[in-house]
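Chains, contacts and geometry: an overview
Below, each chain spelled out in residue letters.
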Amino acid sequence: MLARGTAPSPRVGVGRGRANAESQREQPIFTTRAHVFQIDPNTKKNWVPASKQAVTVSYFYDVTRNSYRIISVDGAKVIINSTITPNMTFTKTSQKFGQWADSRANTVFGLGFSSEQQLTKFAEKFQEVKEAARLARDKSQEKIETSSNHSQASSINGTDDEKASCAGPANTHLKSENNKLKIALTQRAAGWTAPTLPVTAWPPPCSAANVKKWEIELQTLRESNARLTTALQDSAASVEQWKRQFTLCRDENDRLRNKVLKLQSQRRREINGRLQIDELEEQCSEINREKEKNTQLKRRIEELELELREKETELIDLRKQSEIIPQLMSECEYVSEKLEAAERDNQNLEDKVRSLKTDIEESRYRQRHLKVELKSFLEVLDGKIDDLHNFRRGLSKLGADN
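Residues numbered from 1 in each chain as written. Predicted model: local features only at pLDDT ≥ 70, side-chain atom pairs only at ≥ 80, totals over all residues. Heavy atoms only, no water.

A few words on the pairing of strand β5 (residues 77–83). Bridge analysis of strand β4 (residues 67–74) against β5 gives six bridges, and the strand direction is antiparallel. Within the sheet, the bridge partner assigned to V73 lies in β5 and is V78. Joining the antiparallel neighbours β4 and β5 is a turn of two residues, in which G75 adopts a positive phi near 70°. (Pairing = 2+ DSSP bridges. Helix = DSSP H or I, 4+ residues; strand = E, 2+ residues; numbered from the N terminus.)

Our focus in this paragraph is the pattern of salt bridges. Applying the stated criterion to the full structure yields 15 salt bridges. Two residues, R267 and E270, come together in a salt bridge whose shortest N-O distance is 4.0 Å. In this pair, R267 and E270 both sit in helix α4 (residues 208–324), three residues apart, roughly one turn of the helix. Taking relative accessible area as the criterion, R267 reaches 40% and is therefore assigned partly exposed. With a relative accessible area of 14%, E270 lands in the buried category. The shortest N-O distance in the salt bridge between K338 and E314 comes to 3.4 Å. Of this pair, K338 sits in helix α5 (residues 329–401) while E314 sits in helix α4, and the two are 24 residues apart along the sequence. With relative accessibility at 36%, the residue K338 sits in the partly exposed group. For E314, a relative accessible area of 32% puts it in the partly exposed group. Each of E131, R134, R137 and D138 takes part in one network of salt bridges that share partners. (Salt bridge = Lys/Arg side-chain N within 4 Å of Asp/Glu carboxyl O. Buried < 20%, exposed > 50% of the residue type's maximum accessible area, 1.4 Å probe, protein only.)

Another aspect to go through is the side chain of S51. Counting through the fold element by element, S51 comes out in the loop between β2 (47–49) and β3 (55–62). Side-chain polar atoms of S51 contact the backbone nitrogen of V36, separated by 3.3 Å. One polar contact links the side chain of S51 to the main-chain carbonyl oxygen of Q53, over a distance of 3.0 Å. Residues in contact with S51, not counting those within four places in the same chain, are H35, V36, D74 and I79. (Polar contact = N/O pair within 3.5 Å; in protein donor to acceptor, adjacent residues only side chain to side chain. Contact = heavy atoms within 4.5 Å.)

Let us now look at the side chain of Q367. Relative to the assigned elements, Q367 resides in helix α5. You can call Q367 buried: its relative accessible area is 18%. With residues up to four places along the chain from it excluded, the contact list for Q367 reads K291 and N294.

All told, the structure shown has 12 aromatic pairs when counted by the stated rule. Members of the aromatic cluster, connected to one another through ring pairs, are F30, Y59, F90, W100, F109, F113, F122 and F126. For R269, the ring lying beneath its charged end belongs to F391, and the centroid distance is 4.8 Å. (Phe/Tyr/Trp six-rings, centres within 6.5 Å; stacked < 30°, edge-to-face > 60°. Lys NZ or Arg CZ within 6 Å of the ring centre and 35° of its normal.)

With that settled, the discussion passes to the nonpolar core. One recurring pattern in soluble globular proteins: nonpolar side chains tend to sit buried together. Judged by nonpolar contacts, the single largest core of 21 residues is most densely connected at I70, I80, W100, L111, F122 and F126. Sort the elements by how many residues they give to this core and helix α2 (residues 116–156) lands first, with five residues. If sequence neighbours within four positions are ignored, F126 has contacts with Y59, I70, I84, M88, T89, F90 and W100. In this structure, L304, L349, L356 and I360 belong to the second largest nonpolar core, which totals six residues. (Core = buried A, V, L, I, M, F, W, Y, C linked by side-chain atoms within 4.5 Å.)

As a further point, take a negative patch on the surface. Taken together, the side chains of D278, E279, E281 and E282 present a region of like negative charge at the surface. Within the fold, D278 resides in helix α4. We classify D278 as partly exposed; its relative accessible area is 37%. (Patch = residues over 30% accessible without salt bridge, like charges linked within 9 Å, V, L, I, M, F, W, Y side chains within 5 Å. Areas by Shrake-Rupley, 256 points an atom, 1.4 Å probe, with all protein chains shown as cover. Lys, Arg positive; Asp, Glu negative; His and termini not counted. Charge placed at Lys NZ, Arg CZ, Asp CG, Glu CD.)

Among the secondary structure elements, E26 is positioned in the loop between α1 (10–23) and β1 (27–39). Residue class for E26 comes out partly exposed when judged on its relative accessible area of 22%. Spatially, the C-alpha atom of E26 lies 9.3 Å from that of R69, the residues being 43 residues apart in sequence. Other than its neighbours up to four places away in sequence, E26 contacts F60, Y61, D62, R69 and I71.

Quick look at the structure:
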């Protein structure tokens, strides 16, 4: 015997829901093409291509479950099957690449598009679908709370219905017996004999045994109602507990997302530090090349000075010969012409020496300037390296605390 207000068995509704879910298929709402990547499960840093070429990536909407999914198929292989939740975030990492993390699949998906416009459209659609998923989740929570309140109210009001259901059969049976007796008396007054009433019709079923039986059933129904009320309260407490666990999981997810962002920023800083180190190494190599050039210039100057001394010695010898042999005027004229040519060469060499000295001074100045810049760069680099060491010690301490 069931009390009124008791909910029917949920198996019928579940079967019908499954039949409807199978009969209604998911509908695509947005489609594009992109190269699909997944994060390396071992290193969690490198991208592994999931498709050899650009494949179709689509948003699907499930009408029966009121949910959204991103699906991509490469031939007969499903490479993306990601259900969108309100906690997901699509991040643009470059002009043509974006990514999102799927906690259910325990991976990170990446998409490479052929243009920035396609990436922007996909990101806008992701935000739209995410908002729709959030609204669907809020509506389902409101329905659960409303049904819970309705069940509590029906369980509280169930005792009155039980009382009415218990007293109802006795009163109905008594009324039917009274009507039969009235019909029999009317027929006897009319002059004919009424058929004999069945033996089981009297005494009426509202006897002491039946009343005791109904009281026992009433007590059983009250105990069942109390157990149902307790179970409903436990389920409400479980819902509250699940809500708290969901809030804790969401906070943990936000904390982990912030930690990932911090690690990404640290990675970018390390990359910038490496780039600065490469620039400094290039500058050091340039300084070494300048040093080699200066060494070659010094050797050239020494060779020119040696040649100049040889020319001066030759000039002195020619002058001595002109003094010793005055009779050879023709040779003197020749020597004079050679001397003039040597003086011109000497002048040219002096000009070259002055220009080389000027180049040496300029190279020395550039070298001193480069040394000053190199020293400043090394000081900045030492500061950056100290900051990185401090940041790593802070991360290690934070990891140990966690």
